[in-house]
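Inside the fold
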Amino acid sequence: MATADIEVGDMVVKEGDAVVVSTAAANWDESVFAHPEKLDFDRDAGHQQPAFGHGIHRCIAQNLARVELEIVFNTLFARVPGLRLAAPVEELSFKDGALLYGIHSLPVTW
Ligand code: HEM
């Protein structure tokens, strides 16, 4: 809820207006990320990406989560080096609801 008129990008949010942030839109801004639809582990996202939230409630365990994911993926690909998709990407179905983005199922083989 805006406590005063405030400019956000090229819009003005008026005092008393409520703002609902679309988490599903996060990280898809082409003016911030080139080719946001591409999975790019080498992308320099810096502190611009909002996956761990923002401000005082920013994820307290973000560094733990990053280390956990690094261990998970490194271990998975080391143990199953031939891991690959078992279906064409075009045939995969994605969750496109407002709250969480993801994939319904991921058929793999090795
Ligand atoms: C990839 C993994 C994770 C993601 C994407 C993530 C994402 C987030 C986000 C977006 C918030 C902010 C929520 C808000 O603003 O209301 C948050 C807060 C929080 N996260 Fe995580 N999180 C992850 C892993 C973890 C883990 C592993 C822990 C604990 C072991 C954790 C503990 C917390 C706590 C306690 C808060 C609340 C912080 C506060 O309100 O001050 N998170 N997380």
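Here is a short report on the structure shown in this document.

What follows covers the coordination of the iron atom of the ligand. The protein supplies the iron atom of the ligand with one donor atom, Cys59 (SG), which lies at 2.3 Å. Note on placement: Cys59 falls in the loop between β2 (11–13) and α1 (62–79).

It is worth spelling out the site of the ligand at this point. What surrounds the ligand is the set Ala51, Phe52, Gly53, Ile56, His57, Cys59, Ile60, Ala61, Leu64, Ala65 and Leu69. Residue composition of the shell around the ligand, grouped by class: nine nonpolar, two polar and no charged.

Moving on, we come to a nonpolar patch on the surface. A cluster of nonpolar residues, Leu69, Val72, Phe73, Leu76 and Phe77, forms a patch on the protein surface that exposes about 430 Å² of accessible area. With a relative accessible area of 46%, Val72 lands in the partly exposed category.

Here the focus is the packing of aromatic side chains. Think of a pair of aromatic rings as described by two things: how far the centres are apart, and how the planes are tilted against each other in angle. Under the defined criterion, the tally for this structure stands at two aromatic pairs. Plain terms: the ring middles of Phe41 and Phe73 are 6.5 Å apart, the flat faces sit at 55° to each other, and that makes the pair tilted. Remark: Phe73 occurs in helix α1 and Phe41 occurs in the loop between β2 and α1; sequence separation between them is 32 residues. When its relative accessible area of 66% is taken as the criterion, Phe41 is described as exposed. Phe73 gets classed as partly exposed once you look at its relative accessible area, which sits at 36%. Between Phe73 and Phe77, the aromatic rings sit 6.1 Å apart at their centres with planes inclined by 15°, giving stacked as the arrangement. In this pair, Phe73 and Phe77 are both assigned in helix α1, four residues apart and thus about one turn of the helix distant. Among the aromatic side chains, those forming a connected cluster through ring pairs are Phe41, Phe73 and Phe77.

Conventions adopted
Residues numbered from 1 in each chain as written. Predicted model: local features only at pLDDT ≥ 70, side-chain atom pairs only at ≥ 80, totals over all residues. Heavy atoms only, no water. Donors = N, O, S within 2.8 Å, 3.2 Å for Na, K, Ca; no water. Helix = DSSP H or I, 4+ residues; strand = E, 2+ residues; numbered from the N terminus. Near = heavy atom within 4 Å. Nonpolar A, V, L, I, M, F, W, Y, C, P; charged D, E, K, R; others polar. Patch = residues over 30% accessible without salt bridge, like charges linked within 9 Å, V, L, I, M, F, W, Y side chains within 5 Å. Areas by Shrake-Rupley, 256 points an atom, 1.4 Å probe, with all protein chains shown as cover. Salt bridge = Lys/Arg side-chain N within 4 Å of Asp/Glu carboxyl O. Buried < 20%, exposed > 50% of the residue type's maximum accessible area, 1.4 Å probe, protein only. Phe/Tyr/Trp six-rings, centres within 6.5 Å; stacked < 30°, edge-to-face > 60°.

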